[in-house]
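Here's the letter readout for the chains.
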Amino acid sequence: MFPLGDASRRTRSVPVATLLIIVLNFLVFALELGGGDDFILRWSLVPADIMAGRHLETILSSMFLHEGWEHILGNMLFLWAFGPEIEDSMGVGRYLVFYLLGGMAATFAQVVVDPTSTIPSLGASGAIAAVMGAFLITYPRDRIRTVVFFGWFFRVTLVPAIALVGLWFVTQLFSEAGSVIAAGATSDGVAYMAHIGGFVFGALTARLFEQSDRVSAQQAWAD
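Within each chain, residue numbers correspond to sequence positions counted from 1 in written order. Predicted model: local features are reported for residues with pLDDT of at least 70 only, side-chain atom pairs are reported and counted for 80 or more only, and whole-chain, interface and lining totals are derived from all residues. Only heavy atoms go into the side-chain values, all of them from the structure, while hydrogens and water stay out.

Structural notes on the packing of aromatic side chains
Each aromatic ring pair is described using two quantities: the centre-to-centre distance and the angle formed by the ring planes.
Piece 1. Pairing of aromatic rings covers Phe, Tyr and Trp, the last counted by its six-membered ring, and requires centre-to-centre distances within 6.5 Å; plane angles under 30 degrees mean stacked, over 60 mean edge-to-face, and any other angle means tilted. Counted by the stated rule, this structure contains 10 aromatic pairs.
Piece 2. Between phenylalanine 2 and phenylalanine 149, the ring centres sit 5.8 Å apart and the planes meet at 85 degrees, which makes this aromatic pair edge-to-face. Here the residue phenylalanine 2 occupies a position in strand β1 (residues 2-6), and phenylalanine 149 occupies one in strand β2 (residues 143-150), the gap between them amounting to 147 residues.
Piece 3. With a 1.4 Å probe rolled over the protein chains alone, any residue whose accessible area is under 20% of its type maximum counts as buried; one over 50% counts as exposed, and the rest are partly exposed. Classification of phenylalanine 2 as partly exposed rests on a relative accessible area of 36%. A helix here means a DSSP run of H or I that spans at least four residues, while a strand means a run of E at least two residues long, and both kinds are numbered starting from the N terminus.

The following block contains the structure:
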């Protein structure tokens, strides 16, 4: 399933911060294409380095790196589907801080679960998971316009956010458990614990970052 956007409400203003994050991700991706593996390895996060106090700047830089077109397009699609409404509920400044802290929380979770790993970690998935966690708390009953695939066939349908986001989170939990049982937290190359950490951060802190007057205004607009 691929989410396209919230069908239950519209944002009251242009989602400047979400667009800025998307543009920045694509600009960094362009630098990756030009710099090759050396660029990626330099700015990706390596848990063992962080534990040793080295390359701490990669805690931030790794959030804007992606391993390929499929990775970045998938991440940006999810961000665009859930980000604008959360930005609208928090305001631009709060949302940007929330996004960065969500990415850092995701990184922390991954480092804690596999502190000796020398496998480079990169991607915006952890920060986007935080946005999804916030969405589940703030707008659980909203319907998300979603592309659902059935083999070679697909259809666009409306899926409740609590079902779509909840299913995604449960999938991450089972995938993480499977990875640990198989051979460690990053055995298949996907940092599931980062997704879980980001999501939990977003769900727990959403109410701290959102502004009640904005959420009330959004609800009135949706009604």
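Read on, since the account is not over.
What about the packing of helix α1 (residues 16-43) against helix α4 (residues 69-90)?
Piece 1. Think of each axis as a best-fit line through the C-alpha atoms, taken over the contacting stretch in the case of a helix, with angles from 0 to 180 degrees between the N-to-C directions. At a closest axis distance of 8 Å, the pairing of α1 and α4 adopts a crossing angle of 165 degrees. What the angle tells us is that α1 and α4 run roughly antiparallel. Crossing angle aside, the handedness with which α1 passes α4 is right-handed. Of α4, the residues touching α1 (which contributes Val16, Ala17, Thr18, Leu19, Ile21, Ile22, Asn25, Phe26, Phe29 and Leu33) are Trp69, Ile72, Leu73, Met76, Leu79, Trp80, Gly83, Pro84 and Glu87.
Piece 2. Note on residue classes: Ala, Val, Leu, Ile, Met, Phe, Trp, Tyr, Cys and Pro are nonpolar, Asp, Glu, Lys and Arg are charged, and everything else, Gly too, is polar. Per-class residue counts for the contact of α1 with α4 are 15 nonpolar, 3 polar and 1 charged. Each angle gets one of four labels, with under 35 degrees taken as roughly parallel, over 145 as roughly antiparallel, 65 to 115 as roughly perpendicular, and the rest as oblique. Crossings are sorted by hand: turned counterclockwise from the far helix by less than a right angle, the near helix makes the crossing left-handed, and turned clockwise it makes it right-handed. Working rule for contacts: check all heavy atoms of both residues, and any pair within 4.5 Å makes them a contact.

Re the sheet that holds strand β3 (residues 153-160)
Piece 1. Each pair of strands is called paired provided DSSP finds at least two bridges between the two strands. The 3 strands lie next to each other as β1-β2-β3, forming an open sheet whose pairing is antiparallel. Since the sheet does not close on itself, it has two edges, and those belong to β1 and β3, each with one partner. Adjacent strand axes in the sheet meet at a mean angle of 25 degrees when their direction is disregarded.
Piece 2. Bridge count between β2 and β3: 8 bridges; the pairing is antiparallel. Opposite isoleucine 144, over in β3, you have valine 159 as the bridge partner.
Piece 3. Set on the sheet, α4 makes contact with β1 and β2; between it and β1 the angle comes to about 25 degrees.

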